[in-house]
Structure formats: C-alpha cells, structure tokens
Amino acid sequence: MNPRFSRPLRPLAAAAAVAAGFSVAAQESPYDLEKSGWYVRAGAYYQFGLSISVNTASTPPPPQPGVYDDGYVLNDINGGADGLTWNWGYENASQLVDGSLQMSRLNGLKTVGSLDGFGDANLFGPEVLVGFEFFRFEMGKRDGRFGFEFGFRYGSYSGNDQSSVSSDVSQDVVRYDLGGVVAPLPPYSGNSGTAGPLLSLNGVSQAPRNAQATSSLATDLSADFYTGRFGAWISVPITGKFSAGFSAGFTTIYAYGTAEFTQTETYSNPLIPNTNAYQSQNEGDWLPGTYFQIRGTYAVRDWVGLYAGVEWSYNGALRIQGLSYEAVFDFGSTFAVNGGVSFSF
C-alpha cells in the first residue's frame, strides 16, 4: 500500500480505538444508563381475604343505685343527711307525674352482639406501577435484572348487614316527691357541689312493667382504599420471550370509611316506649405493611409485554366506632392476583 494514502487514516483509527475503549468501559459498569431504563405496568388486581365485621365496642355498666335509664337521683354534698338532694337530673317532661319525678330502669335486655354477614369483601380495581432497572447480572447466556419499583392501587367496598335478638325484660319504676318544687325544663342535670332545686331521696317503687323486647341493629358500611408501595424486584429470564419476576417491599393503605349504625328496640308493653338510635361516623387511617409478589411476563415486542402475578400482603385494620359498636375493616394477611400490560422505555 502506498504510505501516502494511509497517513490520513491514522487519526481516524486512533479515534475509533478510543471510542471502542469507552464502549467497553461502559459495558462493564453496572450503573450504565444505556443498560438500564424505566418501565410502566398498568392493569388491574383482585384482592381477597379482607375481613369485615361489626362488634360490641363497650359493655353497659352494671346497674347502680340511684342511676336510671332516663336520669339519676344521688346524694349531694350533704350526703343525704336531710333526706333531700340537688344532685339529680332527668330527660323528658313525661317523667313529671302527680307532683313527683318518675325514673325507670330496664333489666334483662339483650342486644345484638356482632354482625359478620357483609358478603363479598374482595377488592377489585386498577393498578399502575413504575419501575427502574438498576443493574443487570449474568445468568448463563442471559442477563438477570434488578431494580426498584413504586406503584398505586385503588379499591372500594360497600355493604350492609342487620340482625335482631329477642328477650324478656322487666322495667323498674320509681317515683321521687318534688315537694312542690317546680322542676327545671328537661333535659336537666344537677350536680353534687352546686345548689339547685331539692328533690326527695326517698323513692317509692311502682309496679314493674314486664314485656317481650326485640333489639335490632342495622349497619351500612362503605370505604375507599388507596394503596401505595415501594420495593425491590428481580427479573430472571426463562426463555427468549418469557421471564419470571419477584418483588418485595413496603406497602401502605390509606383507608377512609363511613359506618352508619341504626339500633331499634321495640316492646310488647305499650307503657315501655320504643327507642331508635342512629349514628353515622367517618374515619380515616394509614395501614402500613409489607408485600411479596411473584409474576410472569411475556414479551410481545421489545418494548411491550403482558404480565400476570400472585402476591401476599399484610396490613392493619381500619376501625370506626358508633353507638356502642365498632366496625372493623381488617386486612391482616391477604392474597391477590393481578395482570395487565408492561411498557419498557
């Protein structure tokens, strides 16, 4: 070869050698952005194992002398030395009977202890997850991948349940003489240390009222669940197009729910008035936990694939109290299946 024609190629050859050196160095770096990128998985999930129930939150205190369902008559600061007290209160004008104040207390009433017939408590909704490939590692003739992911899910629930229980009850009735005192308008509540209108401490028992009672509880529940997660993942190639993936990390659910409690009590004796109580309560809480997922991905193209997986997760419980009951959305240990489309960038 004529050396006059080869001299101009020497700078080009040197530049090519330098570029090749940089390329080799880049391939050896596990953090090279040319080897790692972003992906997005979008699909749906179905989660089962959520437990929903309503239970008694508090037990009524045992009967106390001088304390009734519709008021109280207790000693004041004088300790009942003169047979009178200003430490008394009542609720309704109907308790003023023939110059006396009538108090009543119901005995033997059974109430619904719990509700657990809320039906299908499974969650179904959309999910979106974004992941980043941090580095690759050799697995035979193919490369395994490691990275991090964070994602979001949404699910909701609504359901209701009701129950009733019957019992034989007896209502004690006691009258306290007002001694000509004009009772303050109801509801009225006196106390031990503040002077007020005086009432006799010597109650006169009336004939008890017997009846058959039916106590019912109806509860309507609804809740929204917003799930976020962050974890690490590994992808292992199985064939040219199919790979298996494993993910594990931290998950938290923001749960916001509404519970409506309605409790009614009816009596066969018309002298005992029926009662109806209603309370609607809202509550929100964070439920932190953990998750582990196994999935398979089939590459339709280099940049798009189909995925399906199964997972286990553990989170806490949302509790909403109303009346004397507590509604519980308990995630505890749950399982889920998911699937959708994966896009690589």
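Starting from 1, residues in each chain are numbered consecutively following that chain's sequence as written. Totals for whole chains, interfaces and linings use all residues, but because this is a predicted model, local features are given only for residues with pLDDT of at least 70 and pairs of side-chain atoms are given and counted only at 80 or more. Think of the side-chain values as coming from all heavy atoms in the structure, minus any hydrogens and water.

Asks: Got a minute to help me understand the pattern of salt bridges in this structure?
Replies: Any two side chains of opposite charge can pair, so long as their charged atoms come close to each other. Note on definitions: salt bridges are taken to be side-chain nitrogens of Lys or Arg within 4 Å of carboxyl oxygens of Asp or Glu. All told, the structure shown has seven salt bridges when counted by the stated rule. Among the ionic pairs, E311 bridges to R229, the shortest N-O distance being 2.9 Å. Highlighted residues: E311 in strand β18 (residues 304–322) and R229 in strand β15 (residues 209–237), separated in sequence by 82 residues. Only protein chains enter the accessibility calculation, which uses a 1.4 Å probe; a residue is then buried when its area is under 20% of its type maximum, exposed when over 50%, and partly exposed in between. Residue classification places E311 among the buried residues on the basis of a relative accessible area of 6%. Salt bridges linked by common partners bring E127, R153, R229 and E311 together as one network. A run of H or I in DSSP counts as a helix once it spans at least four residues, and a run of E counts as a strand once it spans at least two, with each numbered from the N terminus.

Asks: Before we go on, may I ask you to explain the nonpolar core in this structure?
Replies: Across soluble globular proteins, nonpolar side chains have a tendency to be buried as a group. Remark: nonpolar core denotes a set of buried residues (Ala, Val, Leu, Ile, Met, Phe, Trp, Tyr, Cys) joined through side-chain atoms within 4.5 Å. I52, V54, Y157, L221, F225 and F329 are the most contacted members of the largest nonpolar core, which totals 25 residues. Secondary structure elements with two or more residues in this core: β2 (51–56), β15, β16 (242–267), β18 and β19 (325–344). Here, residues are in contact when the closest pair of their heavy atoms is within 4.5 Å. When neighbours within four sequence positions are excluded, F225 is seen to be in contact with L50, L123, R153, Y154, G155, S156, Y157, I253, Y254, A255, F329 and F331.

Asks: I would appreciate a short explanation of the sheet that holds strand β12 (residues 188–189) in the present structure.
Replies: In any sheet, the strands associate via hydrogen bonds between backbone groups, in a parallel or an antiparallel arrangement. When DSSP finds at least two bridges between two strands, those strands are taken to pair. As summarised here, the arrangement of the four strands in space is β3-β4-β6-β12, forming an open sheet in which the pairing is antiparallel. Two strands bound the open sheet, and with one partner strand each, they are β3 (67–68) and β12. The pairing of strand β6 (residues 88–90) with β12 spans two bridges and is classified as antiparallel. The residue of β12 that forms the bridge with Y90 is Y188.

Asks: It is not clear to me how empty space enclosed by the protein should be interpreted in this structure. Could you clarify?
Replies: Picture a little ball the size of a water molecule; that probe, rolled over the atoms, points out where space is still empty. Grid points spaced at 1 Å and placed over the protein atoms alone form the basis of the search, with a cavity being a set where a 1.4 Å probe fits but cannot get out and a pocket an open set showing protein on both sides within 12 Å along at least five of seven lines. Lining residues have an atom within 4 Å of a point. Grid points are joined across faces, edges and corners, and a volume is the space filled by probe spheres set on the points. If you walk through the whole model with that rule in mind, you get two cavities of 30 Å³ or more. If you add up the space inside the largest cavity, you get close to 70 Å³. Surrounding the largest cavity, R41, E127, V128, L129, G151, F152, R153, R229, Q293, Y307 and N338 form its lining. In the scheme used here, Gly and all other residues not listed as nonpolar or charged are polar, with Ala, Val, Leu, Ile, Met, Phe, Trp, Tyr, Cys and Pro taken as nonpolar and Asp, Glu, Lys and Arg as charged. Looking at the lining of the largest cavity residue by residue, the classes come out as four nonpolar, three polar and four charged. Counted as a void, the second largest cavity has a volume near 40 Å³. Along the walls of the second largest cavity sit Q47, R153, T227, R229, T251, I253, E311, S313 and N315, which together make up its complete lining. Mapped onto the lining of the second largest cavity, the elements with two or more residues apiece are β15, β16 and β18. For the lining of the second largest cavity, a count of residues per class yields one nonpolar, five polar and three charged.

Asks: Just to check I follow, could you spell out the pairing of strand β11 (residues 142–177) for this structure?
Replies: As paired strands, strand β8 (residues 100–107) and β11 are joined by eight bridges and run antiparallel to one another. Its bridge partner lying in β11, R105 is registered against D172. Bridge count for strand β10 (residues 123–139) against β11 is 12 bridges, and the pairing is antiparallel. The residue of β11 that forms the bridge with G131 is E149. Taken together, β10 and the strand that follows it, β11, pair antiparallel across an intervening segment of two residues, in which G140 is found at a positive phi of about 70°. Bridge analysis of β11 against β15 gives 27 bridges, and the strand direction is antiparallel.

Asks: What am I meant to see in the layout of surface pockets here?
Replies: The calculated volume of the largest pocket comes to roughly 1300 Å³. Secondary structure elements with two or more residues in the lining of the largest pocket: β3, β8, β16 and β17 (275–299). No other element matches β8, which puts six residues into the lining of the largest pocket. Here the lining of the largest pocket is composed, by residue class, of 17 nonpolar, 16 polar and six charged. Here the second largest pocket defines a volume of roughly 800 Å³.

Asks: Explanation requested: the packing of aromatic side chains in the structure shown.
Replies: The geometry of an aromatic ring pair comes down to the distance between the two centres and the angle between the two planes. Each Phe, Tyr or Trp ring (for Trp, its six-membered ring) is paired with any other whose centre lies within 6.5 Å, and the angle between the two planes then decides the class: stacked below 30 degrees, edge-to-face above 60, tilted in between. Scanning the model with the defined rule gives 18 aromatic pairs in all. Geometrically, the ring pair formed by F48 and F335 is stacked, given 6.5 Å between the ring centres and 25° between the ring planes. Taken together, the residues F48 in strand β1 (residues 38–48) and F335 in strand β19 connect sequence positions 287 residues apart. Its relative accessible area of 33% is what places F48 among the partly exposed residues. Both rings, one in W88 and one in Y90, keep their centres 6.1 Å apart while their planes meet at 25°; by these two values the pair is stacked. Note on accessibility: W88 and Y90 belong to one class, buried.

Asks: What's the story with the environment of I77 in this structure? I'm lost.
Replies: Following the sequence through the fold, I77 ends up in the loop between β4 (71–73) and β5 (84–85). By relative accessible area, I77 is classed as exposed at 60%. For the pair formed by I77 and A195, sequence separation is 118 residues and the distance between their alpha carbons is 9.2 Å. Filtering out sequence-adjacent residues up to four positions away, I77 remains in contact with W86 and S192.

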